[in-house]
Amino acid sequence: MNEKGKLISIVIPCYNEEENVVAIASAIEQEMQTSLSCYDYEIIFIDNDSKDNTRPLLRELCGRRSRVRAILNAKNFGQFNSPYYGMCQANGDCVILMCCDFQDPVELLPTIVEKWEKGAKIVSCIKTASKENSVMRAFRSIYYKTIRQMSSVDQIEHFTGFGLYDKSFVDVLRSLKDPTPFLRGIVAELGFHRVNLSYTQAKRRAGHTHNNFFTLFDAAMLSFTSYTKVGVHLLTFIGILMAVVSLCIAVVMLVMKLIYWDRYVAGIAPMLVGLFFLHAIELLFIGFVGEYVMAINTRVMNRPLVIESERLNWPDAEQETTDVKE
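Residues numbered from 1 in each chain as written. Predicted model: local features only at pLDDT ≥ 70, side-chain atom pairs only at ≥ 80, totals over all residues. Heavy atoms only, no water.

S.K.: For this particular structure, what's the right way to read the packing of helix 3 (residues 78-89) against helix 6 (residues 167-175)?
M.R.: Any two packed helices are characterised by the angle at which their axes cross and by the distance between the axes. As a packed pair, helix 3 and helix 6 sit with axes 9 Å apart at the nearest point and diverge in direction by 120°. When the interaxial angle is binned, helix 3 and helix 6 end up oblique. Classified by chirality, the crossing of helix 6 by helix 3 is left-handed. Along its contact with helix 3, which presents Tyr84, Met87 and Cys88, the element helix 6 presents Val170, Leu173 and Arg174. Here the residues of the contact of helix 3 with helix 6 sort into 5 nonpolar, no polar and 1 charged. (Axes fitted to C-alpha atoms, helices over the stretch in contact; angles between N-to-C directions. Helix = DSSP H or I, 4+ residues; strand = E, 2+ residues; numbered from the N terminus. Parallel < 35°, antiparallel > 145°, perpendicular 65-115°, else oblique. Left-handed = near helix turned anticlockwise from the far one by under 90°. Contact = heavy atoms within 4.5 Å. Nonpolar A, V, L, I, M, F, W, Y, C, P; charged D, E, K, R; others polar.)

S.K.: Mind showing me how you'd approach the side chain of Arg311 here?
M.R.: Mapping Arg311 onto the fold places it in strand 8 (residues 308-312). Here the side chain of Arg311 touches Gln89 through a polar contact of 2.7 Å, side chain to side chain. Here Glu308 takes part through its side chain, which lies 2.8 Å from a polar atom of the side chain of Arg311. (Polar contact = N/O pair within 3.5 Å; in protein donor to acceptor, adjacent residues only side chain to side chain.)

S.K.: Hey, could you run me through the pattern of salt bridges in this one?
M.R.: For the structure on display, the rule yields 13 salt bridges. The shortest N-O distance in the salt bridge between Lys6 and Glu117 comes to 2.9 Å. Taken as a pair, Lys6 in the segment before strand 1 (7-14) and Glu117 in helix 4 (residues 109-117) lie far apart in primary sequence, 111 residues in all. On the basis of relative accessibility, which here comes to 37%, the residue Glu117 falls in the partly exposed class. The salt bridge partner of Glu60 is Arg64, with a shortest N-O separation of 3.6 Å. Of the two residues, Glu60 and Arg64 are both situated in helix 2 (residues 54-64); the distance of 4 residues between them amounts to about one turn of the helix. Judged by its relative accessible area of 42%, Glu60 is partly exposed. (Salt bridge = Lys/Arg side-chain N within 4 Å of Asp/Glu carboxyl O. Buried < 20%, exposed > 50% of the residue type's maximum accessible area, 1.4 Å probe, protein only.)

S.K.: Even after reading the chapter, I still don't get the environment of Leu57, so can you show me in this structure?
M.R.: Along the chain, Leu57 turns up in helix 2. The class of Leu57 is buried, set by a relative accessible area of 17%. In sequence terms Leu57 and Glu18 are 39 residues apart; their C-alpha atoms lie 7.1 Å from each other. With residues up to four places along the chain from it excluded, the contact list for Leu57 reads Glu18, Val21 and Val22.

S.K.: Teacher, can you tell me more about the packing of aromatic side chains here?
M.R.: Each aromatic ring pair is summarised here by two numbers: the centre-to-centre distance and the angle between the ring planes. Tallied over the entire structure, the rule returns 4 aromatic pairs. Seen in terms of ring centroids, Phe169 and Phe192 are 5.2 Å apart; in terms of plane orientation they differ by 85°. Their pairing is edge-to-face. Within this pair, whereas Phe169 is found in helix 6, its partner Phe192 is found in the loop between helix 7 (183-190) and strand 7 (194-201), the two being separated by 23 residues in sequence. For Phe169, a relative accessible area of 0% gives the class buried. Among the aromatic residues, those joined into a cluster by ring pairs are Tyr165, Phe169 and Phe192. One Lys or Arg, Lys6, reaches over the ring of Trp116 and ends 4.9 Å from the middle of that ring. The ring of Phe77 carries the charged tip of Lys75 above its face, separated from the ring centre by 4.8 Å. (Phe/Tyr/Trp six-rings, centres within 6.5 Å; stacked < 30°, edge-to-face > 60°. Lys NZ or Arg CZ within 6 Å of the ring centre and 35° of its normal.)

S.K.: What's the story with the sheet that holds strand 5 (residues 122-130) in this structure? I'm lost.
M.R.: Spatial strand order, 7-5-6-4-1-2-3-8: 8 strands in an open sheet with mixed pairing. Lying at the two open borders of the sheet, with one neighbouring strand each, are strand 7 and strand 8. Mean inter-strand twist for the sheet, computed between neighbouring axes without regard to direction, equals 20°. As paired strands, strand 1 and strand 4 (residues 94-97) are joined by 4 bridges and run parallel to one another. Counted as the bridge partner of Val11 is Leu97 from strand 4. (Pairing = 2+ DSSP bridges.)

S.K.: I'm lost on the pairing of strand 4 in this one. Help?
M.R.: A regular strand places its side chains so that they alternate between the two faces of the sheet. Residues Cys94 and Ile96 point to one face of strand 4 and Val95 and Leu97 to the other, with burial holding for every one of them. Bridge count for strand 4 against strand 6 (residues 159-166) is 4 bridges, and the pairing is antiparallel. The residue of strand 6 that forms the bridge with Leu97 is Gly163.

Right, dumping it as structure tokens:
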């Protein structure tokens, strides 16, 4: 707390965002000074080992602006760990998480804070419309609806993590000790008083997205293995069904061979087709089980979320790193 009142921490993960970091910092500062001038604020960039000019620009920003801070990761720790870690390092009475590419509208900040002041512990910003590729949005919608139907937790559709989190919720995040946190699932799971806020997702201001098939698949499987048991149950049911069907086919073929001994020729082609089909089912099962095993293995190792290489313009210079894992 300070002379201005409550402190709002705005956490911005970034990776190769040299065209956006300065612009987003300026836009947030302008919004805070005009619409939210009664609050103090800090802007925390957490850089996931950018390879372009992002880090030099962050050094320059932190050198010129007292409220801009940065955490530089030692390597790229992935799309989930880095934002989560940045939130846990924030000191504000609330934390706002948003993207660096202007797809999360800065002008929505006053409305988000207003809902927090009215009692919401979490303000989830939901993409009810988007200017992204329509095909990609359709696939995302199918994914969200599928996970929501399969999960025991009421998952939030079209929620990317953009929103506000009260300090009480951030304290819980610090205590979870999850080395592979899936923030969207955690928000839906823990039951804090939450309100939804609709918005239209804009196109990137500059640069290009770093998501590809593999990162999207990784996100899908993390939510699947973290919040559903349907995969394992489905494998069991299909395995039982295939065993019953195979047994019935074997009995039918045996009977036909005994009755029509002279005329019955099974042929090798149907046997090969059946063999390949069964092996395909087995490989699918092994893949599903492997995803669950990998998730368990990662959690058992309990590695730190992020290793920092440097902090810039931090208020307590002697405090190097807050280890969320401990």
